[in-house]
Amino acid sequence: MSGMSESFDDSFSDKEYYSNDYNVRNIYNQIKNDVSNSLLLAYNESRGEKPGFNPGTYKVSYGTATKKEQDAVSKPLKYVMFQDLLCLPNTFSDHKEILALALKGIIPTSSNPTWKWSSIIRTNDMKIINAFFTRELIVSSDVEWIETISDQLFKLVDKFNYEDSFNRRNRIITQETIYDILSRFSIVMEDDKVINLSEKIIEQRKLLDDIDDIDSRRLTEFFRRIRFSMSSDILSHYLHELLSSDSIPFHFLIEFLDIDAYIDHHIEISDGVFNKVVEEIESSDGVTRDKGITKVILINSVATLGKYKSKIAETLWGQRNDLGFPKTSNFYVWIWNNLPYPDNVDFGNLYMNFLENPRFIRSVKEGSISGIATIDIRIDEYIECFRRISDFSKNGKVLYEFSWTSDFFIKIINYIYEYLDNEKKLLTLKYDFFGTEKKGRKRFVRLGDFVAMLAAQAYLSEVYTEDVVVEVENVKNLLQDNNVTSSSLDIIEKVTKVESIEADIDNLMNRAVIGERDELGQVMNVINLLLVFEKKSVKNIKISNHLTELINSLKYFDLSRSSMVISKLIFVIDHPLLIQEHYRSGIIKAFRQSIDKLDLSFNESNRELIDTIYSLSILIRKYYDKLIQNGISIPKDLDSIIEELRYSKLKEVRYMWEDIKV
C-alpha cells in the first residue's frame, strides 16, 4: 500500500469503527493494545540479580525467557503479520508508534530484517525513523541489508517528477523520507553511491525556491550527514563542479570546508575557474561574495593560487567592514591571515581593534527577552580571537606582538560585567522556554571563564593592577549573586594572591573523573589556564603531570566516562608541554590501551562506542599533528595505532587518516 495518499474502501475506515463488514479495524486495535501491554510487562521482567527488600540481600533468577518476555516477541510478530498479510496501511496515526516498537522488538526473529526495516520506512514518520535508524544500528548491520534497501530507494526516487512535492507527494513514501534514509545509509555506502546521492540532493535543492524554507533546511541537514562519508576521491570528483558551478547553494558549498579528507597539492585549476571566483568575490551580493570566498578557501587547501594570488588579495580586501576586515556574513576574523592579503595589511592593529570593540548581541532589551539564534556566535568569535593572539595560543610562538595594557583589560572586563548585568534576567525565568535559561547559564559560565583568561593575561603581562582586580571581582560577585560558579576565577584569585592551589588541583582532577559533562568542560578550562601558567613558570605551578595521569587513567573508565573525558581532552592534548619527551611515551601508551579495550568490529555496537572511537581518533590526530609541527619523529607505537585507525569500520575515522602513509 502506498500510505497516506491512498484512498481506502469504507469497510476499512474509522467511520464504522466497531460495526464494519469485516471488523478488521476493531481486531487490529485489539491486537495493538495486547502488544502494548506485552511490551510494558516485559520491560520490567529481566533475569539476573535484583536487590531484595532487606538490606544487603539480592534475588537471583535464572532460566530461559519468561512468559512475559516470550509474549513481547510472539504478540508483536502476530500484530505485524496481521497488518502485512491483510495489506493494511501502516500510516494509521494511532498505530504508528506501537508498530515501530513491535518491528524493533522482532528484529532478531529473522536472519534478514530488511522487510521489517521496510515497514518502518513506510511509516513515513520522521520521529520513528530517527529513533530506529540510528548510527549504531547502521554501522553494526550487514552491509548487504543496507545495499538492498538503498538500491530500491534509488530506483524509487527516480520515479518522482520535478514538480512533485518534496514532503507531501507519496510514491509509497515521500522524497523527504527517501533522502533521510539514504543520507543515514551513506556512512556505509561505496563512494560511487555517495556521489550519486550527493548529486541527487543538490539537484533537488535547485528545485526549491526559498533558501530558508523547511524543505531546504532538511536537505542541508541530509547533506551535512553525507560529508562524513566523503573521501578524498569524492572531494576530488566534486572539486571542479564546486568551483565552477553557479547552482550549488552556499549552505551546501560551505559543508565541503569541514570534510576530514585530504587532497594532494597537485590539482590544476583553470584560468576560467580563477576568473569566475574573482568575479564572485567582487560581487556586491553578500551570498555570491561568500560563495567566492568559500571557493578560495577550497582552492587554497588543494592547490597554489599562482599568478592569481595578488588579484584574489585585491578583491578580498576591496570590500571591508567598519573594523577593516573583508566583508562577509559567514566567516570568522581569523581566517583572513590564511588567505592572500595586500602587503599593507597590519593584522596586529586589526585584531587589537576588533578586541577593543566587542559587539555581543543582547537578548534582554528594555526588560523583554528575545530569542536570538546567533547570540553565541559573536561571543565565541571574540573569545577564540583573543585565545589565538594571546599567551593562550598553542602555536608555540606569538604571531603578533601586543603591548597589553591595564586600560584594555579594565575596558573589556567592565564591558562583560555590564553585558552580564543586562542579561541576568535570563537566569530567573519562571519557565525555561526553549532552554533559554539553560543556554543563558552556560553563557554566563563561559564568560566567567573568559574573564579568568583576561585576568591571567593581565597578570602574565604584569599589568594586573588594582583597578583590573576590582573589575574581575565585580564579575565574580555578579556571577555568585546569580548562583553561577566559576572555578577559573577562583583559581586566578589564589594564584595572584600567592596562595597554595594543591588542594584545588586535587579537587579538580577528582571532578574530571566523576563530574558531569558541563562540569568537565569547566575543569578543562581551569587546566588550560594552569598549563599556561606552568609554561610561563609562574609560582612553580605544575599541572601537566596531573593531566597525563588523567590520560593514563582512561583505560579504567567505563565507555560512557571515557567518551565524555576524551571529548574534553581534545581541547588540551595539543599543548606544547604534553609533547615533551618524558610525557610522550606514556601518552601514546594510554592511546593504545584505550583502543585495545574498544570493540572495533562493532559486532554489538552502541552510540557511546562510536562516539568514543571517533573522539579518540580526533584526540590522537591532534597529538600526531602537534608532533609533526614540532619536527618530532613519530614513534612506532603511534604508527601502529594509526595503521589500525586507517582501516576502521567508521568512515569518519578512516578518512581522518587518509593522508598518512605508515
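Residues numbered from 1 in each chain as written. Predicted model: local features only at pLDDT ≥ 70, side-chain atom pairs only at ≥ 80, totals over all residues. Heavy atoms only, no water.

A. Seen up close, the packing of aromatic side chains. For the structure shown, the criterion picks out 33 aromatic pairs. Residues Tyr238 and Phe256 carry aromatic rings whose centres are separated by 5.7 Å and whose planes lie at 55 degrees to one another, so their mutual orientation is tilted. In this pair, Tyr238 sits in helix H11 (residues 232–244) while Phe256 sits in the loop between helix H12 (250–253) and helix H13 (271–282), placing the two residues 18 residues apart along the sequence. Taking relative accessible area as the criterion, Tyr238 reaches 0% and is therefore assigned buried. For Phe256, a relative accessible area of 2% puts it in the buried group. Ring geometry for Phe325 and Tyr351: centres 5.6 Å apart, planes at 40 degrees, overall tilted. Residue Phe325 is located in the loop between helix H15 (309–316) and helix H16 (347–356), and its partner Tyr351 is located in helix H16; the two are separated by 26 residues in the primary sequence. The aromatic ring of Phe228 is capped on one face by Arg227, whose charged end is 4.5 Å from the ring centroid. We note Arg621 situated over the ring of Trp657; from NZ or CZ to the ring centre the distance is 5.3 Å. (Phe/Tyr/Trp six-rings, centres within 6.5 Å; stacked < 30°, edge-to-face > 60°. Helix = DSSP H or I, 4+ residues; strand = E, 2+ residues; numbered from the N terminus. Buried < 20%, exposed > 50% of the residue type's maximum accessible area, 1.4 Å probe, protein only. Lys NZ or Arg CZ within 6 Å of the ring centre and 35° of its normal.)

B. Here's a closer look at a negative patch on the surface. Taken together, the side chains of Asp142, Glu144, Glu147, Glu190 and Asp192 present a region of like negative charge at the surface. When you line up the elements, Asp192 lands in helix H9 (residues 191–206). (Patch = residues over 30% accessible without salt bridge, like charges linked within 9 Å, V, L, I, M, F, W, Y side chains within 5 Å. Areas by Shrake-Rupley, 256 points an atom, 1.4 Å probe, with all protein chains shown as cover. Salt bridge = Lys/Arg side-chain N within 4 Å of Asp/Glu carboxyl O. Lys, Arg positive; Asp, Glu negative; His and termini not counted. Charge placed at Lys NZ, Arg CZ, Asp CG, Glu CD.)

C. Region of interest: helix H27 (residues 607–629). When the terminal C-alpha atoms of H27 are compared, their 33 Å separation across 23 residues agrees well with the 33 Å that a helix rising 1.5 Å per residue should span. One side-chain oxygen of the residue at the start of H27 lies 3.1 Å from the amide nitrogen of Glu608, identifying that residue as Asn606. Two residues or fewer after H27 comes Gly631, characterised by a positive phi angle close to 70 degrees. (Expected span 1.5 Å × (residues − 1). Polar contact = N/O pair within 3.5 Å; in protein donor to acceptor, adjacent residues only side chain to side chain.)

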